[in-house]
Amino acid sequence: MTPDQAAPRLPLPAAGATPVRVMTVAGSDSGGGAGIQADMRTFALLGLHACVAVTAVTVQNSTGVSGIAEIDPAVVAAQMRSVVDDIGVSAVKTGMLASAPIIAAIAEAAADLGIGGDGALDEGGIPLVVDPVCASMHGDPLLAADALGTLKEQVFPLATVVTPNLDEVRLLTGIDVVDAATQREAAIALRDLGARWALVKGGHLRGSDRSPDVLYDGIEFREFPGPRIDTPHDHGAGDTLAAAIVGALGHGYPVPDAVAFAKAWVTRGLAAAYQLGAGHGPVNPLWRLSAQ
Ligand code: PXL
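The numbers attached to residues start from 1 for each chain and follow its sequence in the written order. Local features in this predicted model are restricted to residues whose pLDDT is 70 or higher, and side-chain atom pairs enter the listing and the counts only when it is 80 or higher, whereas totals over whole chains, interfaces and linings include all residues. Only heavy atoms go into the side-chain values, all of them from the structure, while hydrogens and water stay out.

**Student:** Mind showing me how you'd approach the packing of helix 1 (residues 35–45) against helix 7 (residues 237–250) here?
**Tutor:** Helix packing for two helices is described by the angle between their axes and how far apart those axes are. Axis definition: a line fitted to C-alpha atoms, limited for helices to the stretch in contact. Angles are taken between N-to-C directions and run from 0 to 180 degrees. A run of DSSP states H or I qualifies as a helix once it reaches four residues; a run of E qualifies as a strand once it reaches two. Both are numbered from the N-terminal end. Direction vectors running N to C along helix 1 and helix 7 enclose 45 degrees, while the axes themselves pass 9 Å from each other. Regarding the angle of helix 1 to helix 7, the classification is oblique. Regarding helix 1 and helix 7, the two cross each other, and that crossing is right-handed. Facing helix 1, whose interface residues are Gly35, Ala38, Asp39, Thr42 and Phe43, helix 7 presents Asp239, Thr240, Ala243, Ala244, Val246 and Gly247. Roughly parallel refers to an angle under 35 degrees, roughly antiparallel to one over 145, roughly perpendicular to one between 65 and 115, and oblique to any angle outside these ranges. A clockwise turn of the near helix away from the far one marks a right-handed crossing, whereas an anticlockwise turn of less than a right angle marks a left-handed crossing. Two residues qualify as a contact provided that any one of their heavy atoms is within 4.5 Å of a heavy atom in the partner residue.

In structure tokens form, the structure reads like this:
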């Protein structure tokens, strides 16, 4: 299936029919632009039923994060088990995971529930998209410094796709992506950490008016060029991209088609981003509902 770049959409359920179900394991953003709220906006606008496992509650507005309350790791894992055992999901995303104990609980639950791992892209498997969120756009930490190793060791080997931005690539691999060659080197290093597919986003690559993302499966490098949308209002863009990948995987798209779809989706959202509060506004999945 070739994604429609102009009007990216997924098949919609008939009224009253149970939609495709997906789950996000992520933190809440009280400002409504990133984290769980970004994921749910995208899932809803794509016609999906969104389940959640909350990892942390952030106190946050358009100017930054001023507080974080972590959820008990056992409660995070229990949310995942409760949803999968009853409702069932066809794809899962992780975002802000906050701490090493939360990550360990999630990794154990995911392995038990058949989320990610080798069978993820087989019939009946549950693909896992790992957005390795480390900090907010303002630089507020969203992952404990001592949790990076746990994320790499316990979650990356389960990941169907990882979607780091260039700051996260540096933290995870030590590679400073400055050009196409280092972007490919980073994709190889991320796969070496255990992910089946690595998507290295080019959005923060300076000196270019294009922002090609590079997707690598250990065999082929695929480039996803896109226009660079120059806006200060890109809060939640990474979450939105990863959520749209989850939505497309939940519908059974192959990974490269899911990425192409998600890229078109977030590009439309960035073009429609709006100002909010005194700081940075969010990427806008509501473009789909906008008055012309
Ligand atoms: O955009 C990454 C992100 C994810 N999750 C939460 C966030 C942010 C960025 O601020 O607040 C809860």
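The discussion continues.
**Student:** Is there a simple way to explain the packing of helix 5 (residues 166–173) against helix 6 (residues 180–192) in this structure?
**Tutor:** Interaxial distance between helix 5 and helix 6 falls to 10 Å at its minimum, and their mutual angle equals 55 degrees. Comparing the axis directions of helix 5 and helix 6 gives the class oblique. Where helix 5 crosses over helix 6, the handedness of that crossing is left-handed. On the side of helix 5, the interface is formed by Val169, Leu172 and Thr173, while helix 6 contributes Ala186, Ala189 and Leu190. Residue classes in the contact of helix 5 with helix 6 are distributed as 5 nonpolar, 1 polar and no charged. Side-chain classes follow a simple rule in which Ala, Val, Leu, Ile, Met, Phe, Trp, Tyr, Cys and Pro form the nonpolar group, Asp, Glu, Lys and Arg form the charged group, and the remainder, Gly included, forms the polar group.

**Student:** Explain the nonpolar core here, please?
**Tutor:** Side chains of a nonpolar character, in soluble globular proteins, are inclined to be buried together. Here, nonpolar core refers to any group of buried Ala, Val, Leu, Ile, Met, Phe, Trp, Tyr and Cys residues whose side-chain atoms link them within 4.5 Å. Type-normalised accessible area, obtained with a 1.4 Å probe on protein chains alone, sets the label of each residue: buried when under 20%, exposed when over 50%, and partly exposed for intermediate values. Core analysis: the biggest nonpolar cluster contains 53 residues, and Met23, Val25, Met80 and Ile115 have the highest contact counts within it. The element contributing the most residues to this core is helix 3 (residues 100–113), with 9 residues. If we ignore the near neighbours within four places in the chain, the residues touching Met80 are Met23, Val25, Ala53, Ile106, Ala109, Ala110, Leu113 and Ile115. By size, the runner-up hydrophobic cluster in this structure holds 35 residues, among which are Leu45, Ala244, Val246 and Ala258.

**Student:** Explain the site of the ligand to me, please; I cannot follow it from the model alone.
**Tutor:** A cutoff of 4 Å decides nearness: a residue is near a molecule or strand if any of its heavy atoms lies inside that distance of it. In the vicinity of the ligand, the contacting residues are Gly27, Ser28, Ala34, Gly35, Thr58, Gln60, Met96, Val133, Ser136, Leu142, His235 and Asp239. Polar contact is the term for a pair of N or O atoms within 3.5 Å; when the atoms are in protein, one must be able to donate a hydrogen and the other to accept it, and sequence-neighboring residues count only if both atoms are side-chain atoms. Contacts to the ligand include Gln60, whose side-chain N or O atom sits 2.7 Å from an oxygen atom. A distance of 2.6 Å separates an oxygen atom of the ligand from a polar atom in the side chain of Asp239. Expressed as a share of its isolated accessible area of 310 Å², the protein-covered part of the ligand is 92%. The set of elements that each furnish at least two residues to the shell around the ligand consists of strand 1 (21–29) and strand 2 (49–61). Each residue belonging to the shell around the ligand can be placed in one class, and the counts come to 4 nonpolar, 7 polar and 1 charged. Computed with a 1.4 Å probe, the accessible areas rest on the Shrake-Rupley method; for each residue, only the protein chains presented here act as cover.

**Student:** For this particular structure, what's the right way to read the pattern of salt bridges?
**Tutor:** If the charged atoms of two oppositely charged side chains come close together, the side chains can form a pair. Take a side-chain nitrogen of Lys or Arg and a carboxyl oxygen of Asp or Glu: if they are within 4 Å of each other, that pair is a salt bridge. Evaluation of the coordinates by the stated rule reveals 8 salt bridges. Notably, a salt bridge pairs Asp213 with Lys263, separated by 3.2 Å at the nearest N-O pair. In this pair, Asp213 sits in strand 8 (residues 213–216) while Lys263 sits in helix 8 (residues 255–271), placing the two residues 50 residues apart along the sequence. Each of Asp167, Arg170 and Asp176 takes part in salt bridges that share partners, so that together they form one network.

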